Amino acid sequence: MKLNIQTVNFSMRSPLSAYIQKRINKFSTYYNRIIGVDLYLILDNQSDQQNKRVEVRVQIPGDDIIVTKQSDTFEKAIDLVASAAERSLVRRKEKTRMV
């Protein structure tokens, strides 16, 4: 699985990168045919509290899974995105088993 991380309007520190790697690598336990993951960390308007947005695109055979969440910290937003993507991967895996 290839992980591509892009940041918008800020530069990412090493601990955040390690946290992302740890959290995203868990995707392979839910669905083993993942081609790659694109993760976008976006810092929106500076005056708003909920200004950190995370978008993830999980590339799998067929349709890709795209999830976007917003929070006051990137860690919380990453957790929200990862849990939503994990649920979608489990649903996709159950669907392919039935066919």
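Residues numbered from 1 in each chain as written. Predicted model: local features only at pLDDT ≥ 70, side-chain atom pairs only at ≥ 80, totals over all residues. Heavy atoms only, no water.

Examining the nonpolar core
Now for step 1: Formed by 23 residues in total, the largest nonpolar core has its most connected members in Phe 27, Ile 34, Leu 41, Val 54, Val 56, Val 58 and Leu 89.
Now for step 2: In terms of residues, this core owes the most to one element, helix α3 (residues 74-98), which gives eight residues.
Now for step 3: Setting aside chain neighbours within four positions, we find Val 54 in contact with Leu 39, Tyr 40, Leu 41, Val 67, Thr 68, Lys 69, Phe 74, Ala 77, Ile 78 and Val 81. (Core = buried A, V, L, I, M, F, W, Y, C linked by side-chain atoms within 4.5 Å. Buried < 20%, exposed > 50% of the residue type's maximum accessible area, 1.4 Å probe, protein only. Helix = DSSP H or I, 4+ residues; strand = E, 2+ residues; numbered from the N terminus. Contact = heavy atoms within 4.5 Å.)

Notes on the pairing of strand β4 (residues 65-71)
Now for step 1: Taken together, the seven bridges between strand β3 (residues 52-59) and β4 define a ladder with antiparallel strand orientation. When the sheet's bridge partners are listed, Val 58 is paired in β4 with Ile 65.
Now for step 2: Once β3 ends, the chain turns through five residues before running back antiparallel as β4, passing Gly 62 with a positive phi of about 95°. (Pairing = 2+ DSSP bridges.)

Some remarks on a positive patch on the surface
Now for step 1: Taken together, the side chains of Lys 69, Arg 87, Arg 91 and Lys 95 make up a positively charged region of the molecular surface.
Now for step 2: If you tally residues by element for the positive patch, the top one is α3, at three residues.
Now for step 3: For Lys 95, a relative accessible area of 58% corresponds to the exposed category. (Patch = residues over 30% accessible without salt bridge, like charges linked within 9 Å, V, L, I, M, F, W, Y side chains within 5 Å. Areas by Shrake-Rupley, 256 points an atom, 1.4 Å probe, with all protein chains shown as cover. Salt bridge = Lys/Arg side-chain N within 4 Å of Asp/Glu carboxyl O. Lys, Arg positive; Asp, Glu negative; His and termini not counted. Charge placed at Lys NZ, Arg CZ, Asp CG, Glu CD.)

Things to note about the packing of helix α1 (residues 14-24) against α3
Now for step 1: Packing of α1 against α3 brings their axes to within 11 Å, and their N-to-C directions diverge by 15°. Taken as axis vectors, α1 and α3 run roughly parallel relative to one another. Crossing of α1 against α3: the hand is right-handed. Contact with α1, carried on its side by Leu 16, Tyr 19, Ile 20 and Arg 23, involves Phe 74, Glu 75, Ile 78, Asp 79, Ala 82, Ser 83 and Glu 86 of α3 and no other residues of that element.
Now for step 2: Across the contact of α1 with α3, the residue classes tally to six nonpolar, one polar and four charged. (Axes fitted to C-alpha atoms, helices over the stretch in contact; angles between N-to-C directions. Parallel < 35°, antiparallel > 145°, perpendicular 65-115°, else oblique. Left-handed = near helix turned anticlockwise from the far one by under 90°. Nonpolar A, V, L, I, M, F, W, Y, C, P; charged D, E, K, R; others polar.)

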